[in-house]
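Spelled out, the chains give:
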Amino acid sequence: MTAALRIPPRSVGVGLALSATLLALLVVSVGTGEFEIPPGDVVAALAGQGDRSTEFVVETLRLPRALTGALVGAALGIGGAIFQSVTRNPLGSPDIVGFMQGAAAGAVLEIVVLGGGAFAIAAGSVVGGVGAAALVYVLAYRGGVTGYRLVLVGIGISAMLIAVTDYLLTRSTLDQALAAQVWLTGSLNGRGWEHVRPVAAGLAVLLPVAALLARPLRTLELGDDAARALGVPVERARLALIAVAVALTAIATASAGPIVFVALAAPQIARRLTRVAGPGVGCAALTGAVLLVGADFLSQRLFGDVQLPVGVVTGVAGGAYLAWLLAHEWRRGAG
Amino acid sequence: MRRGAPWLLVVLAALALVLLLSVGVGARPIPLGRVWSLVWRPDGSSDAAIVHDLRIPRTLLGLMVGAALGVAGALMQALTRNPLADPGLLGVNAGAAAAVVTATTLLGTVDPLAYIWFAFLGAAVASVVVYGIGTAGRSGATPVRLALAGTAVSIALIAYVEGLTIVDREALDQYRFWAVGALGGHPGSLNAQIAPFILAGLVLAVALGRPLNAIGLGEDSGRALGARLVRTRVLGAVAITVLCGAATAAVGPIAFVGLAVPHVARAITGPDERLVLPLSAAIAPVMLLGADVVGRVVNRPGELEVGIVSALAGAPVFIAIVRRRRIAQL
């Protein structure tokens with residue numbers, strides 16, 4: 001176990017740098033807003049040493065939103081890393097293999113047809129996403145699941161779910177369509193401690209499981225035959241990994257909506273930062289958290305009075321960054 | 001070809017059948033015999049007007065758009081050597097959508113014929129950007145790089161569209177009806193506008209069959225066989241942009257046809273692009289027009305848009321193919 005999990009020094013360095021960046025981002029994003037708080041006072045308030053009004057702003061208003069962002073980002077980063085490794089395809093992320101589309105269809109159905117509240121919409125998205133993922137897995141199963149078949153079946157199911165969502169949007173009133181569009185983009189507006197707790201609890205359960213599965217995950221990257229030869233029960237390991245990744249993505253989507261790009265890009269960016277070929281789950285989690293907290297900070301400040309949902313920023317900035325990364329990739333054969 | 005010959009007849013018969021059905025079936029029931037005589041001898045009645053002004057243009061539009069999407073998908077899959085490549089994945093649909101929404105929000109364009117040109121421009125710009133990013137750097141345009149670049153650009157553009165439509169209600173209202181993908185309800189002059197582009201794109205694509213076969217063997221073998229990789233890739237990208245741009249501009253993004261049809265074509269002919277490309281041009285309209293006819297029938301007197309039907313009907317067939325056999329390798 002210890003030998004298999006030996007972590008390269010560069011990954012440790014990158015992990016520390018990412019953690020420091022994340023902490024700095026959290027302090028800065030908690031400190032800025034209509035009521036500015038210097039970073040020193042933010043830290044003091046977090047340590048219980050600040051004055052009462054500062055503590056109220058920090059702990060009741062801003063910290064939950066920032067923490068939700070960090071936890072959701074981390075969950076998406078891990079989920080994406082696992083999905084991409086299991087499918088052995090950088091495009092095999094939950095945005096593409098059906099989960100996000102299932103979540104979107106479930107939520108829009110709830111908004112347009114059933115007219116449920118916030119909790120019902122979140123529940124609808126989880127049911128939709130998990131249902132879509134289960135359907136993809138079952139349909140891709142044929143004496144075992146191969147990565148390519150999983151991605152292809154996922155794309156097929158996604159196409160159907162997108163059609164359902166588009167259909168519902170044309171049959172709804174404009175107000176319903178607008179509400180659905182905001183939810184579909186993914187937002188962290190108005191997140192409180194009641195949003196932090198479920199994500200934190202979910203991560204507390206799922207992170208150790210993901211860590212336990214790190215070794216089979218790395219072995220699966222070598223190919224099924226090699227993994228089998230190394231004594232990994234391939235199908236069972238893959239099912240367990242997919243279940244963990246789906247659960248993480250479901251928690252993230254229920255909290256913040258189907259935020260695109262983080263699950264796709266965080267593992268890719270982490271991989272390039274650490275220059276490690278395998279799935280660096282820890283660095284992917286930190287990268288996802290940094291991406292989402294940073295994007296939310298920008299989405300609140302960038303457009304003046306217009307409060308755009310964070311998904312707009314993750315999409316535009318993240319997509320552009322991944323494109324830039326690909327364009328400047330100088331190492332031959334990478335990407 | 002020899003082993004595909006009976007299948008080719010089936011495809012052509014199916015194409016003839018859907019063309020007939022597409023002209024013969026609609027919201028107003030007109031007996032097939034009367035439709036047939038009206039096609040050749042319009043008598044000035046309202047039935048004749050329906051056939052000539054609505055159904056025939058709509059059928060021709062479906063024929064052109066279907067062929068364009070099928071061939072563009074086959075071309076993309078061959079060029080990127082990626083069985084998952086499709087106009088949606090390489091950023092073309094997102095580029096068209098972004099341009100349409102920009103035109104309706106920022107410039108206030110409402111004339112459908114005008115925003116078709118914006119969609120065309122957006123599709124072209126997006127695919128140039130995707131191709132530029134995919135080929136930058138020393139390793140050149142590897143399949144994975146192209147697909148990643150396409151996904152990155154798509155995600156950025158769709159987020160931009162979401163941002164604009166959240167702020168602008170009018171834009172959202174127009175966008176949601178364009179985004180489902182419909183063959184009906186377009187101005188009569190649309191066909192003449194997109195026909196030159198689609199014809200040119202189809203001719204260019206079919207002419208690329210041979211060099212694509214060489215590329216399909218892998219870059220090094222292809223080069224050894226004298227394939228001019230850069231020229232083929234650039235011409236292929238031009239053909240894809242023209243075909244997808246025109247199709248998406250005309251009817252909105254239609255998922256799945258470009259992805260699924262080349263797989264069906266390859267299952268029939270084997271991996272010879274000289275046959276896969278023309279066969280895709282024949283199979284795709286069958287799928288698209290068939291979906292359109294079904295959409296007109298299932299929800300009378302209303303319609304289910306073709307984009308929705310083709311996704312709901314095409315996806316299970318596609319999944320069945322994926323399950324049944326190993327996907328024919330590229």
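Quick caveat: nothing in here was measured; it's all calculated off a predicted structure.

### Some words on the overall build of chain B
Counting its regular elements, chain B contains 14 helices and 0 strands. Going from N to C terminus, chain B has its helices and strands arranged as α-α-α-α-α-α-α-α-α-α-α-α-α-α. Here chain B holds 330 residues, and 56% of them are scored as buried. The long-range fraction of contacts in chain B, counting pairs at least 24 apart against all pairs at least 6 apart in sequence, stands at 76%.

### A word on the overall build of chain A
When helices and strands are tallied, chain A shows 14 helices and 0 strands. Secondary structure elements of chain A occur, N-terminal to C-terminal, as α-α-α-α-α-α-α-α-α-α-α-α-α-α. Relative to the compact-globule value of 20 Å for 335 residues, chain A shows a C-alpha radius of gyration of 20 Å, a close match. C-alpha extents for chain A along the principal axes are approximately 60 × 55 × 40 Å.

### Side note on the interface of chain A and chain B
Counting from both sides, the interface comprises 47 residues of chain A and, opposite them, 44 residues of chain B. Of all the elements in the fold, those that place two or more residues in the side of chain A that touches chain B are helix H6 (147-170), helix H7 (174-185) and helix H14 (310-327) of chain A. It is H6(A) that provides the largest number of residues to the side of chain A that touches chain B, a total of 15 residues. Of the residues that constitute the side of chain A that touches chain B, the class distribution is 32 nonpolar, 10 polar and 5 charged.

### Digging into the packing of helix H12 (residues 262-274) of chain A against helix H13 (residues 281-301) of chain A
For any two helices packed against each other, the geometry comes down to the angle between their axes and how far apart the axes lie. All names here are of chain A. Two elements in contact, H12 and H13, have axes separated by 8 Å at closest approach and are oriented at 120°. Accordingly, the angle class assigned to the pair H12 and H13 is oblique. As H12 packs across H13, the resulting crossing turns out to be right-handed. Only Cys283, Ala284, Thr287, Gly288, Leu291 and Leu292 of H13 make contact with H12, whose side of the interface consists of Val262, Ala266, Pro267, Ile269, Ala270, Leu273 and Thr274. A per-class count over the contact of H12 with H13 returns 10 nonpolar, 3 polar and no charged.

### So, the nonpolar core
One finds Ala75(A), Ala68(B), Val71(B), Leu75(B), Leu243(B) and Ala246(B) to be the most contacted residues of the largest nonpolar core, which totals 228 residues. Ranked by the residues each element gives to this core, the list is headed by helix H3 (residues 52-86) of chain A, at 16 residues. Excluding residues that lie within four positions of it along the chain, Leu243(B) makes contacts with Ala68(B), Val71(B), Ala72(B), Ile198(B), Gly201(B) and Ala205(B).

### Looking at H12(A)
All names here are of chain A. With 13 residues, H12 should reach 18 Å at 1.5 Å per residue; the first-to-last C-alpha distance of 17 Å fits that figure. Regarding H12, the residues found buried are Val262, Ala263, Leu264, Ala265, Ala266, Pro267, Gln268, Ile269, Ala270, Arg271 and Thr274. One or two positions beyond H12, positive phi appears at Arg275, with a value near 55°.

### As for helix H1 (residues 9-31) of chain A
Residues and elements named next belong to chain A. For H1, which comprises 23 residues, the first-to-last C-alpha distance of 33 Å matches the rise-based estimate of 33 Å (1.5 Å per residue) to within 8%. Taken residue by residue, H1 has Val14, Gly15, Leu18, Leu22, Leu25, Leu26, Val27, Ser29, Val30 and Gly31 as its buried positions. Positioned one or two residues after H1, Gly33 has a phi angle of 150°, which is positive.

### Concerning the packing of helix H2 (residues 39-46) of chain A against H3(A)
Residues and elements named next belong to chain A. Between H2 and H3, the least distance of the axes is 9 Å, while the angle of their chain directions is 80°. With respect to their mutual orientation, H2 and H3 come out roughly perpendicular. Between H2, through Asp41, Val42, Ala45 and Leu46, and H3, the contact on the second element is made entirely by Thr54, Glu55 and Val58. Looking at the contact of H2 with H3 residue by residue, the classes come out as 4 nonpolar, 1 polar and 2 charged.

### Structural notes on the confidence of the model for chain B
Residue and element names in this part refer to chain B. Across chain B, the average pLDDT comes to 80, with 87% of residues at 70 or higher. When pLDDT is averaged over each element of chain B, helix H13 (residues 273-298) comes out on top at 89 and helix H10 (residues 219-224) at the bottom at 68. If you check the scores for this complex, the pTM reads 0.75 and the ipTM reads 0.73.

### Some words on the confidence of the model for chain A
All names here are of chain A. A residue-level look at chain A finds 91% of positions with pLDDT of 70 or above and a mean pLDDT of 80. Per-element confidence in chain A is highest for H13, whose mean pLDDT is 87, and lowest for H14, whose mean pLDDT is 77. Long-range and interchain partners of residues 330-335, a stretch whose pLDDT sits below 50, account for 11 contacts in this model, where long-range means more than four residues apart.

### Observations concerning the environment of Val130(A)
Residues and elements named next belong to chain A. Following the sequence through the fold, Val130 ends up in helix H5 (residues 118-140). On the neighbour-count criterion, Val130 (20 C-beta atoms within 10 Å) is buried. Taking C-alpha positions, Val130 is 7.5 Å from Gly102, a pair spaced 28 residues apart along the chain.

### Concerning the environment of Pro8(A)
Residues and elements named next belong to chain A. For Pro8, the position within the fold is in the segment before H1. Looking at Pro8, the number of C-beta atoms within 10 Å reads 13, which means it is partly exposed. When the C-alpha atoms of Pro8 and Gly50 are compared, they prove to be 40 Å apart, with 42 residues separating the residues in sequence.

### Some words on the environment of Val11(B)
All names here are of chain B. Here Val11 lies in helix H1 (residues 5-24). Taking the C-alpha atoms as reference points, Val11 and Ala67, 56 residues apart in sequence, are found 13 Å from one another. Residue contacts for Val11: discarding those within four places in its chain leaves Leu279, Ala282, Ile283 and Val286.

Rules used in this analysis
- Residues numbered from 1 in each chain as written.
- Chains lettered and ligands numbered in written order.
- Predicted model: local features only at pLDDT ≥ 70, side-chain atom pairs only at ≥ 80, totals over all residues.
- Helix = DSSP H or I, 4+ residues; strand = E, 2+ residues; numbered from the N terminus.
- Buried ≥ 20, exposed ≤ 12 C-beta atoms within 10 Å, placed from the backbone.
- Contact = placed C-beta atoms within 7 Å.
- Rg over C-alpha atoms; globule rule 2.2 N^0.38 Å.
- Nonpolar A, V, L, I, M, F, W, Y, C, P; charged D, E, K, R; others polar.
- Axes fitted to C-alpha atoms, helices over the stretch in contact; angles between N-to-C directions.
- Parallel < 35°, antiparallel > 145°, perpendicular 65-115°, else oblique.
- Left-handed = near helix turned anticlockwise from the far one by under 90°.
- Core = buried A, V, L, I, M, F, W, Y, C linked by C-beta atoms within 7 Å.
- Expected span 1.5 Å × (residues − 1).
- pLDDT = per-residue confidence, 0-100.

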